[in-house]
Amino acid sequence: MTFTGARRLGLMGGTFNPVHLGHLRAAEEISEHLGLDRVVFMPAARAPHKPGLDLASFGHRLTMLNFAVRGQDRFRVSDLEDGLPGPSYTANTLEEVAARLDEGCRLFFLVGFDSFRTVGQWHRCLDLFRLASFVVFRRPGLGSGLSSVGEVLARILGPFPDMEADGSGQGGTLSWAGFQPVHYYPGCRLEISSTDLRNRLVLGDSVRYLVPDSVREYIEANSLYHS
Ligand code: ATP
Ligand code: MG
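Values in this document were obtained by computation on a predicted structure and should not be read as measured data.

Draft legend 1. Broad picture of the environment of R198. Mapped onto the elements, R198 comes out in helix α7 (residues 194–202). Along the sequence, R198 and S168 sit 30 residues apart, while their C-alpha atoms lie 35 Å from each other. Look past the residues within four positions of R198 in its chain and what remains in contact with it is N17, P18, D54 and Y225.

Quick look at the structure:
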């Protein structure tokens, strides 16, 4: 049920340590903008690039995500990466997900520009753009645009292709022969980060109105991120 029964499925990876309203708003806006009928949040079991001194257990992060998506029918959570061997590489995950989709379902991978700008160093980098249509979105606090996405990709996929701007003139699509189209979405206005949340929690400060209430209550009940 997580991956079947959808025609346009978005996947959003991350550590979600913890999930916050910035993640949820990004998924909400992009699913609306691109007509996705489902977005699956996929917490990394063993993030290759994050050492994890203050990393809550996979089980806690998964539970918080399940609380966070409650009430939004389009959203799902998957524990798939916990069952895959080795580090949680996006290419391996996309391959596993692609094998589970209904015939004809289109797969989109949602990623903020802060993560995306390092994509050239990701495991099996070229395969990523064959397995899914990337949707890169603005990360508040960090400058980006359709052409900055194109610059990152030109180093990987070859010379700049034609850019197709959307109605707003800020977002749009880039296409390289042999690879799936890459979209840029310029919305996303909530400047919230999990790092900032963890810093507040260590100090005993409130995170109310930055995360869903159910997530805040779970963090408090389990004394997460307090030391
Ligand atoms: P940390 O500070 O621990 O890195 P984070 O807030 O960046 O946490 P991640 O789990 O690293 O959250 O991010 C998962 C995905 O969500 C990434 O693609 C990231 O760009 C995106 N994202 C995170 N915060 C926001 C936000 N406020 N608005 C839009 N996208 C976001
Ligand atoms: Mg991050």
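Having seen the model, we can carry on.
Draft legend 2. Expanded view of the sheet that holds strand β8 (residues 182–185). Here 8 strands make up an open sheet; going across it, the order is β3-β2-β1-β4-β5-β8-β7-β6 and the pairing mixed. Since the sheet does not close on itself, it has two edges, and those belong to β3 (75–77) and β6 (163–165), each with one partner. With strand direction ignored, the average angle separating the axes of adjacent strands in the sheet is 25 degrees. In this structure, strand β2 (residues 38–43) lies alongside β3, joined through 3 bridges in parallel fashion. For V40, the partnering residue across the bridge sits in β3 and is R76. The strands that helix α1 (residues 21–34) touches are β1 (8–14), β2, β3, β4 (106–112), β5 (133–137) and β8; relative to β2, the one it contacts most, it runs at about 145 degrees.

Draft legend 3. The arrangement of the site of ligand 1 in detail. Close to ligand 1 lie 22 residues, the nearest being D114, R139, L190, S194 and T195. Contact distances for ligand 1 include 2.8 Å between an oxygen atom and a side-chain N or O atom of R139. Side-chain polar atom of T195 to an oxygen atom of ligand 1: 2.4 Å apart, as the coordinates give it. Contact with the protein chains covers 92% of the free accessible surface of ligand 1, which is 590 Å². When residues of the shell around ligand 1 are traced back to their parent elements, those giving at least two are β1, α1, β4, α4 (113–116) and α7. Residue composition of the shell around ligand 1, by class: 7 nonpolar, 11 polar and 4 charged.

What counts, and where the lines are drawn
- Residues numbered from 1 in each chain as written.
- Chains lettered and ligands numbered in written order.
- Predicted model: local features only at pLDDT ≥ 70, side-chain atom pairs only at ≥ 80, totals over all residues.
- Heavy atoms only, no water.
- Helix = DSSP H or I, 4+ residues; strand = E, 2+ residues; numbered from the N terminus.
- Contact = heavy atoms within 4.5 Å.
- Pairing = 2+ DSSP bridges.
- Axes fitted to C-alpha atoms, helices over the stretch in contact; angles between N-to-C directions.
- Near = heavy atom within 4 Å.
- Polar contact = N/O pair within 3.5 Å; in protein donor to acceptor, adjacent residues only side chain to side chain.
- Areas by Shrake-Rupley, 256 points an atom, 1.4 Å probe, with all protein chains shown as cover.
- Nonpolar A, V, L, I, M, F, W, Y, C, P; charged D, E, K, R; others polar.

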